Amino acid sequence: MTLSTQPLTRRRFISAAAAIGSTTLLVTACGGGGGATSAPSAGGWTIPTTDPTATINVLSHLGLKTDHMQDVVDAFEKAHPTIKVNFETVPFDSLASTIDARVANKDGSPDVYWADQPRISALAARGEAEDLTSAFSSYKSTFAPTAYDAGIYQDKLWALPIANSTQLLYYNKTLLKKAGLADPSASTDQRMTWEQLITDAKKAKDAGAQYGFLFGQFDRYYQLEPLAVQLGGSPGASGNGNLTPDFASDAWVKALTWYGSIFADGTAPKGLASEQTDPAFLGGRAAYMVEGPWLLPQLKTSKVDWGVAPQPVFAGGKPATPTGSWSLAMNPFSKQKEAAAIFLRWMAIDDGGGGYIKYLPSPELAASVEGKKVYFAKDVFSTPQGQDAAKIIDFETANTAVNRVSTIGYIEFETIMNQMYADVRNGADPKTSVDKSTAQLKTAWQKYQ
Amino acid sequence: MTALRTTPDRPEPLRRRRAGRRLELFWGAVFLAPVLVSLVVLRIVPAVGAISASLYKAFPGGIIPATYAGLQNYRSLFGDPNFNDTIVRTIVFNLIINPLQILVALLVAVLFVQRIPLVGLWRTLLFVPVTVPVVGSCIAWGAALNPEGPVNAIISALGGKPQPFFTSPGQALACIMVIASWIGIGYWMLFLVSGLQAIPEELYDAAKIDRAGPVRTFINITIPMLRRPLLFVLVADTVANFVLFVPVQLLTGGGPQSSTTLLMFEAYRTSYAYGSRNLGAAQVVLLTAIMLFFVLLQFRLLREEGES
């Protein structure tokens, strides 16, 4: 459950809400300014052959206890006894601003931090990430291509991927049988079309399912970007540095029109938040759902009789699926770069595909090719449906995955896109929404021009 | 009592008095120092900081230094139709919500100083929303006004048509007003109740003797005597509503279709979500200027009425 676009947990939500209350007062107090010294130039360090003695500070949104990161840290300290890890956790919603503030302090702490993949360009441009090209570019073939590319900005490598994601179509066999529908094929050669899916989902709803179809994350760019890409649209931005809004195209309008229609005809629910979609499917209330592999462990313990198929494609379109997760980046002001590099390598590469994937108790899709094998060997893939899922995940991450657009203005982009999806879901005209959001994004990106 | 008073033209005591006055000023300054220092540190420094920051342009994040840009931030803000819409929306929002809240609070306050049974209970009930943390009441209202939530269930049960509430650009801002007023009315009522109780009973007795009806009494006695608390409530309420933020952030995120993007939320989003602190500072300066304009207008209106 480490993906940035994951639904907010209640804990995150409340802490974010509390933070909002207290930061309101600070708006007036914070100006621009900032020191004049620039980040030290890249290089000057290599990955040493013998371990230095050091303590490194690592900043993450994952908890030692709640997310079992203690197991990972313990395994690292066992493998590298002279390097101690001081692991700090901040809520997901304040991770980006914490990195901003802490790195700008220039005291070198944290040495390593969790970097949300679509924000890596911004981190690099802001001078908040160390150039990892010379130390790590030789490991390129170790990773899934899209995962490695997520760390690239202006032809240099700024972060190493430790996890990945994709999306699958889950279905409830009981509800499909009730509606007289055949199970969708698990073969990636016989992908369902969205058009067929909605027709079937309507039948399932008429036959008694509460929800015909659910996206795991409604109104989120991560989940919905591939719809437009399948129809030949851009990932949403193009031009120099991907700083020109590029979603006022027929493909985008067509994809958004389809998205709006599934709510207008009642196949998908309007009022359901992304936090409520997993429980709805696990509770046997939804016929079909497109969601990530993090649903698999929960399905294994649920009472739902389920099956899995590849994410659908538009008739006449080419398959495209969401991807991306978290990477690790290094503070350019770190005083322990060599020890930090050893930690990065161990997390992402060492021990047959990265210690993170190997020692984290809950199964997490790896960004490395070797790590995927470790992942697929986990218990959740032992059932027949689990094996179907493994095959699909393996295929999608290697063949159909499309990254979220890489731009230094990603934060503005994602905020405006998600709002646009929400508006269309609530019945706004797709063409008008596209034009309005394009104008809004142009203004928001003016500062980068 | 007056026989032995020192006359002011005698030099010796005058000097002593001046010295005493200086000492008084000194101690006055000492006792005022905490307030004055806080005023400078907490109000003037940030305000000057915001104004100066709004004249700079910087890349987001804190490492790359800012450069002077003059009024460029303001020019780009006013050149953006979305931002102009936000300003208009914020002003319209305030022109509706402030009079509405104060009128209702005043009517409720007048009702609650009458001799009605269980008046303490009613007052407490109306005040309870104030004691609930805003975040909590926003979450509760968000759930209640969900299109598939309890409020629509009640509407359907009564034979009405379910409403979209926060999912409709036509209703979302009105829903925010309802939540803000649910909290605000009880709070402002409290000040008005105490103001009403401070009006001397004799004035009402005199009005009764003059055979003034309830409306006339209200307009000619209650309102003029209530001017001070009313002015305070009006100004404080206006400020509170101009910086209203939590319901927008928690429930609508400024949508749908920007219908609930108020200036305070916009400034927060620009500063923190987008990391454009300087542009955000410019928005805060504009917000403060608009707010001050309305507050000064209110002071003027109520003072002139008092003088005429």
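On a predicted model such as this, the values are computed, not experimentally measured, just so you know.

Asks: Help me out: how do you make sense of the sheet that holds strand β12 (residues 306-310) of chain A in this one?
Replies: Adjacent strands of a sheet form backbone hydrogen bonds with each other and so pair up, either parallel or antiparallel. Residues and elements named next belong to chain A. The strand order across the open sheet formed by 4 strands is β8-β11-β7-β12, and the pairing between neighbours is mixed. Each of the sheet's edge strands pairs with one partner strand only, and the pair in question is β8 (211-215) and β12. Each adjacent strand pair in this sheet contributes to an overall mean axis angle of 20°, direction not counted. Note: β8 against strand β11 (residues 286-291), 4 bridges, orientation parallel. Counterpart to Phe213 in the pairing with β11 is Tyr288. Along the sheet face, helix α8 (residues 194-206) touches β7 (168-172), β8 and β11 and points at about 135° away from the line of β8.

Asks: Just checking my understanding: could you explain the interface of chain B and chain A for this structure?
Replies: It is common to give the size of an interface as the accessible area that goes away when the parts come together. On the side of chain A, 45 residues touch chain B, which itself brings 40 residues to the contact. Both faces considered, chain B and chain A share a buried interface measuring about 3,700 Å² in area, 61% of it formed by carbon and sulfur atoms. Counting across the chain B and chain A interface gives 0 salt bridges. Where chain B meets chain A, there are 2 residue pairs in polar contact (both at pLDDT 80 or more). Listed by contribution, the elements that provide at least two residues to the side of chain B that touches chain A are α1 (11-53), α5 (134-144), α11 (246-252), α12 (263-273) and α13 (277-307) of chain B. Per-element accounting of the side of chain B that touches chain A gives the leading share, 6 residues, to α12 of chain B. When the residues that make up the side of chain B that touches chain A are grouped by side-chain class, the tally is 20 nonpolar, 15 polar and 5 charged.

Asks: Looking at this model, I keep getting lost on the environment of Leu197 of chain A. Mind explaining?
Replies: Position of Leu197 of chain A relative to the elements: it lies in helix α8. Residues Leu197 of chain A and Gly317 of chain A, 120 residues apart in the sequence, show an inter-C-alpha distance of 15 Å.

Asks: Whenever I open this one, the domain arrangement of chain A confuses me. Can you help?
Replies: Residue and element names in this part refer to chain A. Once the domains are mapped, chain A shows domain 1 (54-163 + 325-377) and domain 2 (168-322 + 403-448). When each unit is reduced to the centre of its C-alpha atoms, the spacing between domain 1 and domain 2 is 29 Å. Counting residues at the interface gives 15 residues for domain 1 and 9 residues for domain 2. Area buried by domain 1 at its contact with domain 2 is led by Pro118, Arg119 and Ser121, which between them contribute 43% of it. On inspection of domain 1 and its partner domain 2, the count reaches 2 residue pairs in polar contact (both at pLDDT 80 or more). Looking at which element gives the most residues to the side of domain 1 that touches domain 2, the answer is helix α4 (residues 120-125), with 3 residues. Class assignment of the residues belonging to the side of domain 1 that touches domain 2 gives a composition of 9 nonpolar, 3 polar and 3 charged.

Conventions adopted
- Residues numbered from 1 in each chain as written.
- Chains lettered and ligands numbered in written order.
- Predicted model: local features only at pLDDT ≥ 70, side-chain atom pairs only at ≥ 80, totals over all residues.
- Heavy atoms only, no water.
- Pairing = 2+ DSSP bridges.
- Helix = DSSP H or I, 4+ residues; strand = E, 2+ residues; numbered from the N terminus.
- Axes fitted to C-alpha atoms, helices over the stretch in contact; angles between N-to-C directions.
- Contact = heavy atoms within 4.5 Å.
- Buried area = accessible area lost by both parts, 1.4 Å probe.
- Salt bridge = Lys/Arg side-chain N within 4 Å of Asp/Glu carboxyl O.
- Polar contact = N/O pair within 3.5 Å; in protein donor to acceptor, adjacent residues only side chain to side chain.
- Nonpolar A, V, L, I, M, F, W, Y, C, P; charged D, E, K, R; others polar.
- Domains from an automatic or database assignment.

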